[in-house]
Amino acid sequence: MMSMRRCPFHHRGLEGKSRKSRDTWSTGKFGIGVQNEAGQRLTEFCQENALVIANTLFQLHKRQLYIWTSPDGQHQNQIDDILCSQRWRSSIQSAKTRAGADCGSDHELLIAKFRLKLKKVGKTTRPLRFDLNQIPYDYTVEVTNRFKGLDLIDRVHEELWPEVRDLVMGRKAWCAAVLGVTKNWTQLSTRTFLRFQCKEIEENNRMAKTRDLFKKIINIKGIFHAKMGSIKDRNGMDLTEAGDIKNRWQEYTEELYKKDLHDKDNHDDVTTHLEPDILECEVKWALDSITMNKASGGDGIPVELFQILKDDAEKVLHSICQQIWKTQKWPQDWKRSVFIVIPKKGNAKECSNYHTIALISHASKVMLKILQARLQQYVNRELPDIQAGFRKGRGARDQIANIHWIIKKAREFHKNIYFCFIDYAKASDCMDHNKLWKILKDMGIPDHLICLLRNLYVGQEATVRTGHGTADWFHVGKGGHQGCILSTCLFNLYAEYIMRNAGLEEA
C-alpha cells in the first residue's frame, strides 16, 4: 500500500457533511450541505497535506453530488470524499456518484475519472566498454609514439599522470572508433548469440576446461538480481524518483564512511627513512599480474591498454610509481573510488542490505600490488596459522575440516563442545584510520610504508554509481574499500589486533 504522500488519489469516508467554500484552495465551491466539525477537520487535514477534495470541484446535478440519504428520505448529505494531491488536480476529469448502483451499502457509489501523463524515464548513460579482445595494431602504434615523446625526467606525478591518462584515452570518440565498443546482446539476434555461446561451451567441454564451461552455462542461464526500482529513505518512506534515489545513496554511503569528528589527524605527511626504490621488474610483475576483464575506475582506462603497450607503459608507470614512493604523495585520480551497490539477502529497499564494491583506477593497482608485496613479509609474520581468511593457499574449507575433526573427537570421548560464531556488521567499512596506523606501527611495519598508506587514505573521494545515474563526489573518512587490493590485508591486521586484545587466552 502506497503512503499518503506518494499516492495521488485517496478515498476517505468521514461522517462530516460536505462543504462548499470559497475561502480555501483545498475545497471546491460545488459541495452541498453545511460543513460540520468533522468536515472542518477534513479541510484542515487537506490544507496541511496539499490535498484537494475532488468531488467538490465540478458543477453537477444534486443527485450526482449527495452520497447518503436518510431513511425517511428527507435529508441528503455529502459525507464520502475522494482526496487528490494538489499536484494532480488538473488530471481529474470528473467526480460524481452513481445513483442506484448496487454496492452493498446505504451510501451511493462515488467514482472519479482522471487521466495521468506519466513521465518518460530516460536511459541512463553508462560508461563505455571497449572491445579489448583484439586491440588494433594502429592503436598500439599511435599510443607508443605518444609515449616516446613524453619527458619523464624530473616530472612530478601530479603533472605526469594526467598527461599519461590523456595520451592513453585520447578523445573518447577516437578511442571508440579505434578500439570499438563492445556489442550488447540486443544488437545480435538471439539465435546467432546462442549458437555462438553453444560453440564455446562445446569447445570448453572438449578441452576439459570445467571452470569456463560452467561459467558460460551460468551466464546463459542467468541469475536472479534484485531490481533497484525504489528504496526507502531514513524515515522509511519509499523513494521512486531517480533524483531522490541517487541522493539517498549518496547520503547513505557518505554517512557510512564519514569520519568521526573527535578523531584528529596528528601524523606527519612524509618520512625521511625510505625503503629501497621500486625496480622496473616489480612494475612489470605487477602489471602482468593484474586480472583482466574487470570494470575500470573513474578514469575509464582498462589495464589491457597498458598491458598491450608493454615496455613503454612499464617505463612510464615506473616513473610515476617511483615519484610516489619518494614523495609519498598520490595522484588524486588514484585516490578516487566509484562505489557499485550489490544487493545481499533481505529487503532490497533497505540501503543497509547492499554491498559496496569500490572500482579504482587500474593504473593505481600497479602501485598497490608493489606495496602489497612489500607488506607481505610483515603480514605473514604477524598473522597466526589459524587465520585462513584472505590468505593465499588457505580458506574456509580448512577451518570447516578442523571443526569436523574436533566434533568427531569430542563425540568419540563424550565431551561437550561449544562454538561461538561472530559476524562483524559492516566490519571493513568501520575501520578507524587513525587506529589502523597505530596498529601497523605497533606491529613493526616500516614508517615509510605506513606513510604511503596513510597518504593514500587521507583525502579520498568516492561517488556512487546507480541505475539512476552517478552521485556527486564526497570524502571518505573511514573504512577499507571492498575491491581494493590492500583492503583485505589491512583488515586482517586490524582484526588480529582486536583478537589479541580481546582476552580470549585468559578466558
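Please refer to the structure higher up on the page.
If you're wondering where the values come from, they're calculated on a predicted model, not measured in any experiment.

Basis of the calculations
Residues numbered from 1 in each chain as written. Predicted model: local features only at pLDDT ≥ 70, side-chain atom pairs only at ≥ 80, totals over all residues. Heavy atoms only, no water. Helix = DSSP H or I, 4+ residues; strand = E, 2+ residues; numbered from the N terminus. Contact = heavy atoms within 4.5 Å. Areas by Shrake-Rupley, 256 points an atom, 1.4 Å probe, with all protein chains shown as cover. Buried < 20%, exposed > 50% of the residue type's maximum accessible area, 1.4 Å probe, protein only. Patch = residues over 30% accessible without salt bridge, like charges linked within 9 Å, V, L, I, M, F, W, Y side chains within 5 Å. Salt bridge = Lys/Arg side-chain N within 4 Å of Asp/Glu carboxyl O. Polar contact = N/O pair within 3.5 Å; in protein donor to acceptor, adjacent residues only side chain to side chain. Phe/Tyr/Trp six-rings, centres within 6.5 Å; stacked < 30°, edge-to-face > 60°. Lys NZ or Arg CZ within 6 Å of the ring centre and 35° of its normal. Expected span 1.5 Å × (residues − 1). Pairing = 2+ DSSP bridges.

A description of the overall build of the chain should follow, citing residues and the corresponding values.
The helix and strand inventory of the chain stands at 15 helices and 14 strands. Across the chain, contacts joining residues at least 24 apart in sequence account for 69% of those joining residues at least 6 apart. When the accessible surface of the chain is totalled, it reaches about 31300 Å², and 51% of it is carbon and sulfur.

Just give me the short version of the environment of Glu 251, but keep the residues and values in it.
When you line up the elements, Glu 251 lands in helix α7 (residues 242–256). Taking the relative accessible area as the measure of exposure, Glu 251 reaches 32% and is therefore partly exposed. In this structure, the C-alpha to C-alpha distance between Glu 251 and Asp 233, residues 18 residues apart in sequence, is 9.4 Å.

Which residues make up a nonpolar patch on the surface, and what are the values?
A cluster of nonpolar side chains, contributed by Trp 405, Ile 406, Ile 417, Phe 419 and Phe 421, occupies part of the molecular surface with about 550 Å² of accessible area. Looking at where Phe 421 falls in the secondary structure, it is placed in the loop between α12 (396–412) and α13 (433–442). Of the residues examined, Phe 421 reaches a relative accessible area of 70% and is grouped as exposed.

Could you give an account of the side chain of Thr 144, with specific residues and numbers?
Looking at the secondary structure, you find Thr 144 in helix α2 (residues 137–148). Within polar-contact distance, the side chain of Thr 144 engages the backbone oxygen of Thr 140 at 2.6 Å. The contact partners of Thr 144, leaving out residues within four places of it in the chain, are Leu 309 and Asp 312.

Go over the packing of aromatic side chains, please, and point to the residues and values.
Applying the stated criterion across every chain yields a total of seven aromatic pairs. Where Phe 419 meets Phe 421, the ring centres are 6.2 Å apart and the plane angle is 25°; that geometry is what we call stacked. According to the relative accessible area criterion, Phe 419 is partly exposed, its value standing at 39%. In textbook terms, an aromatic cluster arises when at least three aromatic residues are bridged by ring pairs, as seen for Trp 249, Tyr 252 and Tyr 354. Above the face of the Trp 473 ring, Arg 336 is positioned so that its terminal group lies 4.2 Å from the ring centre.

Please set out the environment of Lys 259 residue by residue, giving values where relevant.
By the secondary structure assignment, Lys 259 is in the loop between α7 and α8 (280–289). Note on Lys 259: relative accessible area 27%, which makes it partly exposed. Here the alpha-carbon distance between Lys 259 and His 433, two residues 174 residues apart in the chain, equals 9.0 Å.

If you had to explain the environment of Tyr 66 to someone new, which residues and values would you point to?
Position of Tyr 66 among the secondary structure elements: in the loop between β2 (51–53) and β3 (68–69). For the pair Tyr 66 and Lys 96, spaced 30 residues apart in the sequence, the C-alpha separation amounts to 8.7 Å. Other than its neighbours up to four places away in sequence, Tyr 66 contacts Ile 32, Gln 76, Asn 77, Thr 97 and Glu 108.

Give me the lowdown on helix α15 (residues 487–500), citing residues and values where you can.
An ideal rise of 1.5 Å per residue puts 20 Å on 14 residues; α15 measures up with 20 Å between its terminal C-alpha atoms. Along α15, the positions that sit buried rather than exposed are Ser 487, Cys 489, Leu 490, Phe 491, Asn 492, Leu 493, Tyr 494, Ala 495 and Glu 496. Buried residues along α15 sit in contact with α11 (362–382), α13 and α14 (447–457).

Before we move on, could you go through the pairing of strand β10 (residues 336–343) and cite the residues and values that matter?
On a regular strand, each side chain points to the face opposite its neighbour's, so the side chains alternate between the two faces of the sheet. Pairing of β10 with strand β12 (residues 461–466) involves five bridges; the strand directions are parallel. Across the sheet, the residue bridging to Ser 337 is Ala 462, located in β12. Across six bridges, the pairing between β10 and strand β11 (residues 354–359) is antiparallel. Looking across to β11, one finds that Val 341 is bridged to Thr 356.

Go over unusual backbone geometry with me, naming the residues and quoting the values.
Notably, Ala 208 is not glycine yet its phi reads approximately 60°, a positive angle. On the secondary structure map, Ala 208 appears in the loop between α5 (190–206) and α6 (210–221). Taking the relative accessible area as the measure of exposure, Ala 208 reaches 60% and is therefore exposed.

Which residues make up the side chain of His 433, and what values do they have?
In this fold, His 433 is placed in helix α13. Classification of His 433 as buried rests on a relative accessible area of 9%. Polar side-chain contacts of His 433 include one of 3.3 Å to the backbone oxygen of Gly 477. Not counting the four nearest positions on each side in its chain, His 433 is found in contact with Tyr 457, Gly 477, Lys 478 and Gly 479.

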